[in-house]
Amino acid sequence: PEWNQSHLVPNLRHHKALEAASAFFAKAMKNIRAGLPAEIIAADLQSGIEALGEIIGETTHDDVLESIFSQFCLGK
């Protein structure tokens, strides 16, 4: 059955997070097969893990934004 008809995915937010995670993991596999550097593959895997983390509340959009901005020196 389609995701929106499944009882396994309780809401649209979870559905979108699962789709995003699946896309990141598929991209990682494609990049592995293409022989791309491990850093690129790791970034894809991390993004997939973060998408899954949104489902269980480990990762929120605010967490992701804070992580990104903490890596840059803005306004200095």
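Residues numbered from 1 in each chain as written. Predicted model: local features only at pLDDT ≥ 70, side-chain atom pairs only at ≥ 80, totals over all residues. Heavy atoms only, no water.

A.B. asks: Explain the packing of helix α1 (residues 12-33) against helix α2 (residues 38-56) to me, please; I cannot follow it from the model alone.
C.D. replies: Relative placement of two packed helices is described by the angle separating their axes and the distance separating the axes. Where α1 meets α2, the closest approach of the two axes is 8 Å, and the angle between their N-to-C directions is 165°. Taken together, the axis directions place α1 and α2 in an arrangement best described as roughly antiparallel. Relative to α2, α1 is oriented so that their crossing is left-handed. Residue-level contacts link Arg13, His14, Ala17, Leu18, Ala20, Ala21, Phe24, Phe25, Lys27, Ala28, Asn31 and Ile32 of α1 to Ile40, Ile41, Asp44, Leu45, Ser47, Gly48, Ile49, Ala51, Leu52, Glu54 and Ile55 of α2. Partitioning the contact of α1 with α2 into residue classes produces 15 nonpolar, 4 polar and 4 charged. (Axes fitted to C-alpha atoms, helices over the stretch in contact; angles between N-to-C directions. Helix = DSSP H or I, 4+ residues; strand = E, 2+ residues; numbered from the N terminus. Parallel < 35°, antiparallel > 145°, perpendicular 65-115°, else oblique. Left-handed = near helix turned anticlockwise from the far one by under 90°. Contact = heavy atoms within 4.5 Å. Nonpolar A, V, L, I, M, F, W, Y, C, P; charged D, E, K, R; others polar.)

A.B. asks: Is there a simple way to explain the environment of Asp44 in this structure?
C.D. replies: Checked against the element boundaries, Asp44 lands in helix α2. The class of Asp44 is buried, set by a relative accessible area of 6%. Sequence separation between Asp44 and Asn31 is 13 residues, and the spatial gap between their C-alpha atoms is 9.0 Å. Here Asp44 is in contact with Phe24, Lys27, Ala28 and Asn31, once residues within four sequence places are set aside. (Buried < 20%, exposed > 50% of the residue type's maximum accessible area, 1.4 Å probe, protein only.)

A.B. asks: What exactly am I supposed to notice about α1 here?
C.D. replies: Owing to its 3.6 residues per turn, the α-helix aligns residues three or four sequence positions apart on the same side. With 22 residues, α1 should cover 32 Å at 1.5 Å per step; its first-to-last C-alpha distance of 32 Å lies within 8% of that length. When we look at burial in α1, the residues that qualify are His14, His15, Ala17, Ala21, Ala28 and Asn31. Tucked inside the fold, the buried residues of α1 contact α2. Between the side-chain oxygen of the N-cap and the backbone nitrogen of Arg13 there are 3.1 Å, and the N-cap of α1 in question is Asn11. (Expected span 1.5 Å × (residues − 1). Polar contact = N/O pair within 3.5 Å; in protein donor to acceptor, adjacent residues only side chain to side chain.)

A.B. asks: When you look at the environment of Ile55 in this model, what are you seeing that I'm missing?
C.D. replies: Of note, Ile55 is situated in helix α2. For the pair Ile55 and His15, spaced 40 residues apart in sequence, the C-alpha to C-alpha distance is 9.0 Å. Not counting chain neighbours up to four residues away, the residues in contact with Ile55 comprise Arg13, His14, Ala17 and Leu18.

A.B. asks: When you look at the pattern of salt bridges in this model, what are you seeing that I'm missing?
C.D. replies: If you walk through the whole model with that rule in mind, you get 1 salt bridge. A salt bridge links Asp44 to Lys27; the nearest nitrogen and oxygen atoms lie 3.7 Å apart. Taken as a pair, Asp44 in helix α2 and Lys27 in helix α1 lie far apart in primary sequence, 17 residues in all. According to the relative accessible area criterion, Lys27 is partly exposed, its value standing at 42%. (Salt bridge = Lys/Arg side-chain N within 4 Å of Asp/Glu carboxyl O.)

A.B. asks: What's the story with α2 in this structure? I'm lost.
C.D. replies: Between its terminal C-alpha atoms α2 stretches 27 Å, which fits the 27 Å expected from 19 residues at 1.5 Å a residue. Here α2 has its buried residues at Ile41, Asp44, Gly48, Ala51, Gly53 and Glu54. One or two residues past the end of α2 sits Gly57, with phi positive at roughly 85°.

By themselves, these figures tell us nothing about what the structure is for.
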